[in-house]
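Coordinates in review
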Amino acid sequence: MKSKEHTRQVRDKVIEKFKAGLGYKKISQALNIPQSTVQAIIQKWKEYGTTVNLPRQGRPPKLTGRTRRALIRNAAKRPMVTLDELQRSTAQVMFRVLTFLLNAFTLRFVSKELIGVVNVRLTLLYSTLVFLSREAFRRACLSGQSGKNHSWRTVINLLWMTVPLGVLWAVLLSCVWLWLLEVPDAHTVPYYSPAVVLFALSGVQELLAEPLWVLAQAHMFVRLKVVAESLAMIAKCSITVVLVVFSREWGLYIFSAAHLVYTGILVLCYAVYFIHFLGSKEAARNSFPLRRVKDLLPRRQYGEPLVDRNLARLTWSFFKQSFLKQILTEGERYVMTFLNVLSFGDQGVYDIVNNLGSMVARFIFLPIEESFYIFFAKVLERGRDVKSQKQEEVAIVAEVLECLLKLVLVIGLIITVFGYAYSHLALDIYGGSLLSSGSGPSLLQCYSCYVLLLAVNGVTECFVFAVMSQEEVDKYNFIMLALSVSFLFLSYVLTGWAGGVGFILANCLNMGLRILHSLLYIHRYFQLSQWKPLRGLLPSPPILLVLGVSGVVTAVSEAFFCCDSGFLLRLVHIGVGAICLLGVLVAVLLTETKLVQFVSTQLLPRFRKKRT
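Residues numbered from 1 in each chain as written. Predicted model: local features only at pLDDT ≥ 70, side-chain atom pairs only at ≥ 80, totals over all residues. Heavy atoms only, no water.

Focus on the nonpolar core
As a reminder, the rule being used: We call a set of buried residues a nonpolar core when its members are Ala, Val, Leu, Ile, Met, Phe, Trp, Tyr or Cys and they connect through side-chain atoms within 4.5 Å of each other. Three labels apply to residues, based on accessible area from a 1.4 Å probe with only protein chains included: buried if under 20% of the type maximum, exposed if over 50%, partly exposed otherwise in between. Going along the chain from the N terminus, every DSSP run of H or I of four or more residues is numbered as a helix, and every run of E of two or more is numbered as a strand. The criterion used for residue contact is that any of the two residues' heavy atoms lie within 4.5 Å.
Phe274, Phe376, Phe463 and Phe526 are the most contacted members of the largest nonpolar core, which totals 162 residues. Counting residues per element, this core draws most heavily on helix α17 (residues 391-431), at 22 residues. The residues touching phenylalanine 463, leaving out its near neighbours within four places in the chain, are Phe376, Leu380, Val397, Leu401, Ile522, Tyr525 and Phe526. Counting seven residues, the second largest nonpolar core, distinct from the first, contains Val14, Ile15, Val38 and Ile41.

This is the structure we're talking about:
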């Protein structure tokens, strides 16, 4: 492993002596560097004509040797930190796959109105209850090293307050959901009132595990969290599938029962683990602060207050912030639920299409953004203008940014063009006529255009966040807050005009403003330099021509072959799309040679290394 990188001056001296006729051995002796290093420097100079460091295929080491050794020492003390990230990401992928398959299966057996009530209204009731009851307590009790700055006795007493608070929220929200909101038709969506009560009860039930959850998080019991959530999700999926197939007349009782089982298994897993763990040799060896199961229950310890006042004040501060955070996080669902802008069926279709469309961003664009954010933050110094940076590194960043913009633009254009002609077929395969017969295809077609904006915004904000100063980041946070509030207003106005498509249009406008802000920042950043990375947003005319032709051909193919003309004609439509896509890829290979070289030498090796 290379321990030190030689300066540009040393590399230039190597080349000067080589040009003067000295051999590898004499240069090595004169500059006191290894002969193999001399050979490597000269070899690179012969091949590329420069001694500047070129972009690596994998991410350059971000840590110095000293920092790396310190991290190794900390990892030896807390070996579960890396395991946390690994198991959490694995669990998230599993949950997404299970949810995807579950929705695809249940859509064949239930109405879209039922899906809308479950996925939007009842899920919003549950998430609001749980979030407002526990989020502030979690943030307060897991900050400031609870158990060191505060006694675990007072922390646990405070955490048990989530249960009565949850009961209070359950009563208030259930009253709102039952008496103030529109009640769905009992024939289409049966057992709505019991379902509201059961979903609220499931939220309160989950809060019973809150003290145990915080203890597990604070002491890095990562495997417990992963196993508990995995078992609960498997049980929920299994019960939903069985009841949907054999007792579909139960309506909302199916999803209510499955959700109750989900939260019940979560609580049971945490309870069984701590009953077994407390008093064991492992607990004593790790100096766990609690010794008996009785210590998990709320009680007052002699000489200590029931609740730490400073911690309670911090919880109250977080609690006041939690309202705005919840509204901004679940903004679309609140607009749909309280303003009646969509019918229950349209709500269900929109929620499914939204989840399908966002999968592209999560699985394709998000890994690119995360990887190259690290690259930009490593190469450039935050808060300094382009003239204050090392110019060879600015050149590398500008080239990488230009290629990234070109890459996501091409991918986004392909999704937009082919999404128009294949949205109907994709929804018919995934959800049958329930999704493909109504507004679903037009929603997914619009979402395909939104994906293009998501792609461009991801890369531009990735660069902007990597180079912004702290003051600029704080200022941008206020801009984001204003955009989020304006999005809620636009959603209400546009959905009244265009239905579910209005939500996507509001997202497009919001994303367009974010892109405009990032483009202006990038333009100003490189304005005084010779590099123009925003040229990456200008695709070559041949690619635009091939994409235009492909869009027309696939649209004609959809009109003639899809989707009510039989299985064989569907295959013909798919074949036409495959041929057009092949033509687009050939055009990219022939006209975008710089982009192809970037993908083959930078992007693919980077992700291969990340997987290994």
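Further notes follow.
Section: the packing of aromatic side chains
What counts, and what does not: Any pair of Phe, Tyr and Trp rings, taking the six-membered ring for Trp, is counted once the centres come within 6.5 Å. Such a pair is stacked with planes under 30 degrees apart, edge-to-face with planes over 60 apart, and tilted for the rest.
Throughout the structure, instances matching the rule amount to 23 aromatic pairs. The interplanar angle of 75° and the centroid separation of 6.2 Å between the aromatic rings of phenylalanine 372 and phenylalanine 375 together place this pair among those described as edge-to-face. Of this pair, phenylalanine 372 and phenylalanine 375 both sit in helix α16 (residues 344-379), three residues apart, which is roughly one turn of the helix. Here phenylalanine 372 and phenylalanine 375 have matching classes, each one buried. For the ring pair tyrosine 447 and tyrosine 450, a centre distance of 5.2 Å and an interplane angle of 85° mean the geometry is edge-to-face. Here tyrosine 447 and its partner tyrosine 450 are both found in helix α19 (residues 440-467), three residues apart, which amounts to about one turn of the helix.

Digging into the side chain of serine 174
With respect to the helices and strands, serine 174 occurs in helix α8 (residues 162-180). With a relative accessible area of 12%, serine 174 lands in the buried category. If we skip the residues at most four places from it in the chain, serine 174 touches Leu125, Trp169, Val196 and Ala200.

Some points on helix α10 (residues 210-218)
Most of α10 is tucked away, with seven of its nine residues classed as buried. Along α10, the residues that are buried comprise Glu210, Pro211, Leu212, Trp213, Val214, Leu215 and Ala216. Residues of α10 that are buried make contact with α6 (112-141), α7 (152-159), α8, α9 (192-207), α11 (222-246) and α12 (252-277).

Notes on the side chain of glutamate 402
With respect to the helices and strands, the residue glutamate 402 is situated in helix α17. Of the residues examined, glutamate 402 reaches a relative accessible area of 15% and is grouped as buried. Those residues in contact with glutamate 402 that sit more than four places away from it in its chain are Lys532, Pro533, Arg535, Gly536 and Lys594.

Quick look at unusual backbone geometry
Of all residues except glycine, most have a negative phi; of all peptide bonds, most are trans. Notably, tyrosine 191 is not glycine yet its phi reads approximately 65°, a positive angle. For tyrosine 191, the position within the fold is in the loop between α8 and α9. The residue asparagine 340 is not glycine, and still its phi comes out positive at about 55°. Mapped onto the fold, asparagine 340 is located in the loop between α15 (331-339) and α16.

A word on the pattern of salt bridges
Our working definition: Whenever Lys or Arg places a side-chain nitrogen within 4 Å of a carboxyl oxygen from Asp or Glu, that contact is recorded as a salt bridge.
Summed over the entire model, instances satisfying the criterion amount to eleven salt bridges. When the shortest N-O distance is used, the salt bridge between aspartate 351 and arginine 333 registers 3.1 Å. Linking aspartate 351 in helix α16 with arginine 333 in helix α15, this pair joins segments that are 18 residues apart in sequence. On the basis of relative accessibility, which here comes to 6%, the residue aspartate 351 falls in the buried class. As a salt-bridge pair, glutamate 402 and lysine 594 come within 3.7 Å of each other at their nearest N and O atoms.

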